[in-house]
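Residue-level structure breakdown
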Amino acid sequence: MDPLPEIIRQALEEPGSGVLLSFVENVITPFPSSALLYMFHRPVVSQSLPSRLPDDLVEAESLEIKQKDYQEAIRAYRKLLDTAETEMRSLLLQRLARTLRKANRLGEAAEAYRNLENMDTVWLGGLPSDFIARFELCTLAAEQGELSDLKALSFALYRDLVGGRWLIDKSRYLYYSDRCCSWCRESHVQAGEFNHVKVMEERKLALTRAAEAFSSEPIRILGDGVGTYLGFWRSDPLTAVILSEDYLRSQWWPRLVSAQGKDLDSILLSSDGHVLFGSIAIDAPPPFAVAQDIRIDGTYWRIQVWPRNPEAIQTDVRQRQNLFLSILVFVLVLLIFGSYITVRIVRRELEISRMRADFVSMVSHEFRSPLTGIRHLGEMLLDDQTINRTKQHRYFKMIVQESIRLTRLVENILDFSRMEEGRKEYRFEKLNTSRWLIKIIDDFEAEISAEGVTVETDIPDELPLISADREALGSAVHNLLDNAVKYSPQEKVVWISVKALAGAVRISVRDKGVGISEHDRKHIFDRFYRADGEISKRIKGAGLGLSLVRHIIAAHGGKLECESKVGEGSTFYIRLPAETVKGGGSDE
Ligand code: ADP
């Protein structure tokens, strides 16, 4: 036979957990022999007596049973005992004890039983001789009311009976076990000890019944009131292992379903769907149940495992989903935001590079026209000797004006670069607002006199002083006036006015020109910005003027604002803080 698997060997070692049955020529041999409580088949008899008894023994029995001459019978048995062989001695001792008892010689009867108990075991009438002796000793103790003897004897007998010391047949076992139990109770055997044996008896009884059921019909699952037992076997010769449910549940099952933990429930089903083992009986597979068919010894079994708390898993899954979703949304938002920023930066860069290109071409153009003008006028003065003085004077004036324009342009550019680099320095002084402003306007009018444009002014004499950089602030006003003229191609008048406000002076430069759209109004103060309108595009410019004006006004602690309507004209307001002392101030 192959060495037994560890798991089965363990089952055989644990009383009530399993038994190995060998079927040879209608004889069933259990292993270990103590695994079963009784033998449901022909008992295994180790030694037995010859079927025919000797004549002198028959005679002695006749004295005892028929003639009821116990004294004679005792003598006859004793005589026979002197010469009897070992096996016969057991039988004679049993007869002698029995007769002594009938003769009411109880002490001697007990003595005889004790001798019988100590002899080699012989099967007498289907029972082992030592068992008979011990049982009869119990009977004697019970009859004589010797409770302490009965207690010790009956409990020891019961324990050995349950322990599987003798393998007697079923009905005898049930009878003797029952008797032992009654004696134990009667003699007050300690409940703990007694129950221990009783529980063992029940376990072994169930196993024995399962083995008995198996012996009549080998089937895989043995049940029906004895719990669930599994039968494994191989034929020729038929050898079977019967394993108890408890054992399978505690040892085999956890190894089989190694996934089983405190968080998992599982069941084992037979191929016909019968639940063999499991944490709970279920009708339908619970959520997340996993089933696996396994084949053991040619038979299919199904293991089903599922989480004890599926809601926790669902919640966990939902939480993870939410987390992933949030991360996804976050990444998407980040992506969109990043793209938006990138597009903005790229657009801004493109815009700036376009503006720079426009600026360069615009500046070149702006430079070219006064330079060309100066050159032409100079050439005319050189070449034409006949030119009269009035004309000469006009040409020289025009040359001067063009040079001033050029100078302004260069100053604007230089100022712009200084401001960009933060190098622009202002020299503040107290100015008489009206006088300073009138001077600026006069200069401007002189510059544009050729264009036939007039500047209408509204400048009160009494104005608060302002603290300003004469050149810088002058250039700011000049720029505004220049724009007013530039962006009023159809209108030959521009307006400038000053008003004293509470703690401030407000200079307004107004025109009735092309006007500025709302969108452009937001950007005209940005460097290089030029409005999109058709007319504005036709008018030359570098997009620097207003950004310079804003810078200068800010440096003076003032505010630059614009009101405009497309097609109706624009007004730019310079609001400057006024000096507290009125009058005075320098004007040159
Ligand atoms: P430039 O005049 O050299 O283009 P500015 O910085 O002075 O640069 O002006 C920026 C833009 O503002 C101009 O291109 C123009 O479209 C608009 N603008 C400025 N002043 C006026 C005005 N008085 N009327 C209409 N548009 C104006």
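You'll find the structure just up there.
This section reports on the structure supplied with the text. (Residues numbered from 1 in each chain as written. Predicted model: local features only at pLDDT ≥ 70, side-chain atom pairs only at ≥ 80, totals over all residues. Heavy atoms only, no water.)

Thoughts on the overall build of the protein chain
Looking only at helices and strands, the protein chain features 17 helices and 18 strands. Relative to its length of 588 residues, the protein chain is extended, with a C-alpha radius of gyration of 64 Å against a globular reference of 25 Å. Projecting the C-alpha coordinates of the protein chain onto the three principal axes gives extents of approximately 195 × 55 × 35 Å. Expressed as a percentage of the 588 residues in the protein chain, the buried residues total 42%. Of all intrachain contacts in the protein chain linking residues separated by at least 6 positions in sequence, the fraction that spans at least 24 positions is 63%. Working note: accessible area of the protein chain is about 32900 Å², and carbon and sulfur atoms make up 52% of it. (Helix = DSSP H or I, 4+ residues; strand = E, 2+ residues; numbered from the N terminus. Rg over C-alpha atoms; globule rule 2.2 N^0.38 Å. Buried < 20%, exposed > 50% of the residue type's maximum accessible area, 1.4 Å probe, protein only. Contact = heavy atoms within 4.5 Å. Areas by Shrake-Rupley, 256 points an atom, 1.4 Å probe, with all protein chains shown as cover.)

Quick word on the nonpolar core
Val19, Leu21, Leu36, Phe131, Tyr158, Ile168 and Ile242 are the most contacted members of the largest nonpolar core, which has 75 residues in total. Grouped together as the second largest cluster of nonpolar side chains are 52 residues, Ile440, Ala468, Val494 and Ile496 included. (Core = buried A, V, L, I, M, F, W, Y, C linked by side-chain atoms within 4.5 Å.)

Things to note about the site of the ligand
Not every one of the 21 residues close to the ligand is listed here, only the nearest: Asn483, Tyr487, Arg530, Ala542 and Leu546. Between the ligand and the protein, one listed contact pairs an oxygen atom with a backbone N or O atom of Gly543 at 3.1 Å. Considering the ligand on its own, with 530 Å² of exposed area, one finds that the protein chains cover 98% of that surface. Counting residues per element, the shell around the ligand draws most heavily on helix H14 (residues 470-486), which supplies three residues. Tallied by class, residues from the shell around the ligand come to eleven nonpolar, seven polar and three charged. (Near = heavy atom within 4 Å. Polar contact = N/O pair within 3.5 Å; in protein donor to acceptor, adjacent residues only side chain to side chain. Nonpolar A, V, L, I, M, F, W, Y, C, P; charged D, E, K, R; others polar.)

Section: helix H7 (residues 147-163)
Each α-helix turn comprises 3.6 residues. Residues three or four places apart therefore point the same way. Here H7 spans 23 Å end to end across 17 residues, near enough to the 24 Å set by a 1.5 Å rise per residue. Those residues of H7 that sit buried are Leu150, Ser154, Phe155, Leu157, Tyr158, Asp160, Leu161 and Val162. In the core, the buried residues of H7 are packed alongside helix H6 (129-143), helix H8 (170-186) and helix H9 (191-216). The first or second residue beyond H7 is Gly164, which carries a positive phi of 85°. (Expected span 1.5 Å × (residues − 1).)

Points about the pairing of strand S8 (residues 264-270)
The buried count for S8 comes to six of seven residues, which makes it a mostly enclosed element. The pairing of S8 with strand S11 (residues 299-307) spans seven bridges and is classified as antiparallel. Its bridge partner being in S11, Leu269 is matched across the sheet by Arg302. (Pairing = 2+ DSSP bridges.)

Brief notes about the packing of helix H4 (residues 86-102) against helix H5 (residues 106-118)
Relative to each other, H4 and H5 sit at 160°, their axes nearing to 8 Å. Taken as axis vectors, H4 and H5 run roughly antiparallel relative to one another. Between H4 and H5 lies a crossing of left-handed hand. Packed against H4, whose contacting residues are Ser90, Leu93, Gln94, Ala97, Arg98, Leu100 and Arg101, the element H5 presents Leu106, Glu108, Ala109, Ala112, Tyr113, Asn115 and Leu116 at the interface. Taken together, the residues that form the contact of H4 with H5 break down as eight nonpolar, three polar and three charged. (Axes fitted to C-alpha atoms, helices over the stretch in contact; angles between N-to-C directions. Parallel < 35°, antiparallel > 145°, perpendicular 65-115°, else oblique. Left-handed = near helix turned anticlockwise from the far one by under 90°.)

Observations concerning the packing of aromatic side chains
Inspection of every chain in the model, using the stated rule, returns twelve aromatic pairs. Ring centres 5.0 Å apart and planes at 45° place the aromatic pair Phe135 and Trp183 in the tilted group. You can see Phe135 sitting in helix H6 and its partner Trp183 sitting in helix H8, a full 48 residues away along the chain. Comparing Phe135 with Trp183, the two get one shared label, buried. Pairwise contacts between aromatic rings join Phe131, Phe135, Trp166, Tyr175, Tyr176 and Trp183 into one cluster. One residue, Lys424, lies across the ring of Tyr426, its end atom 5.4 Å from the ring centre. Here the basic side chain of Arg510 rests over the ring of Trp495, its NZ or CZ set 4.4 Å away from the ring centre. (Phe/Tyr/Trp six-rings, centres within 6.5 Å; stacked < 30°, edge-to-face > 60°. Lys NZ or Arg CZ within 6 Å of the ring centre and 35° of its normal.)

With respect to helix H1 (residues 6-13)
Those residues of H1 lying buried are Ile7, Ile8, Ala11 and Leu12. Taken around the axis of H1, the buried residues stretch over an arc of 140°, which confines them to a single face. (Arc of directions from axis to C-beta.)

Some words on the sheet that holds strand S6 (residues 229-234)
As summarised here, the arrangement of the five strands in space is S2-S1-S7-S6-S5, forming an open sheet in which the pairing is antiparallel. Taken across any chain shown, the strands that pair with only one partner, and hence form the sheet edges, are strand S2 (27-31) and strand S5 (221-222). Summarising the sheet, strand S1 (residues 18-24) and strand S7 (residues 239-244) pair through five bridges and their orientation is antiparallel. Across the sheet, Leu21 pairs through a bridge with Ala240, a residue of S7. H1 contacts S1, S2 and S7 of the sheet and is inclined by roughly 100° relative to S1. Sitting on the sheet, H9 is in contact with S1, S2, S5, S6 and S7, with an inclination near 30° to S1.

Remarks on a nonpolar patch on the surface
On the surface, Leu323, Phe324, Ile327, Phe330, Val331 and Leu334 cluster together to form a nonpolar patch covering roughly 610 Å² of accessible area. Structurally, Leu323 is set in helix H11 (residues 310-383). (Patch = residues over 30% accessible without salt bridge, like charges linked within 9 Å, V, L, I, M, F, W, Y side chains within 5 Å. Salt bridge = Lys/Arg side-chain N within 4 Å of Asp/Glu carboxyl O.)

Some thoughts on unusual backbone geometry
Of all residues except glycine, most have a negative phi; of all peptide bonds, most are trans. Going from Phe31 to Pro32, the amide bond is cis rather than trans, its omega being -5°. Structurally, the position occupied by Pro32 is in the loop between S2 and helix H2 (55-65). Of note, Asn104 is a non-glycine position whose phi angle comes to about 65°, a positive value. Along the chain, the position of Asn104 falls in the loop between H4 and H5. Here His188, not a glycine, exhibits a phi torsion of approximately 55°, which is positive. One can find His188 in the loop between H8 and H9. For His188, a relative accessible area of 60% gives the class exposed.

Remarks on the environment of Arg249
Structurally, Arg249 can be placed in helix H10 (residues 245-256). The exposure class of Arg249 is partly exposed, given its relative accessible area of 34%. Residues Arg249 and Leu276, spaced 27 residues apart in sequence, show a C-alpha to C-alpha distance of 9.8 Å.

A word on the environment of Ile8
Mapped onto the secondary structure, Ile8 falls in helix H1. Overall, the relative accessible area of 15% leaves Ile8 in the buried class. Put simply, Ile8 and Val19 are eleven residues apart on the chain and 8.8 Å apart in space, counted from C-alpha to C-alpha.

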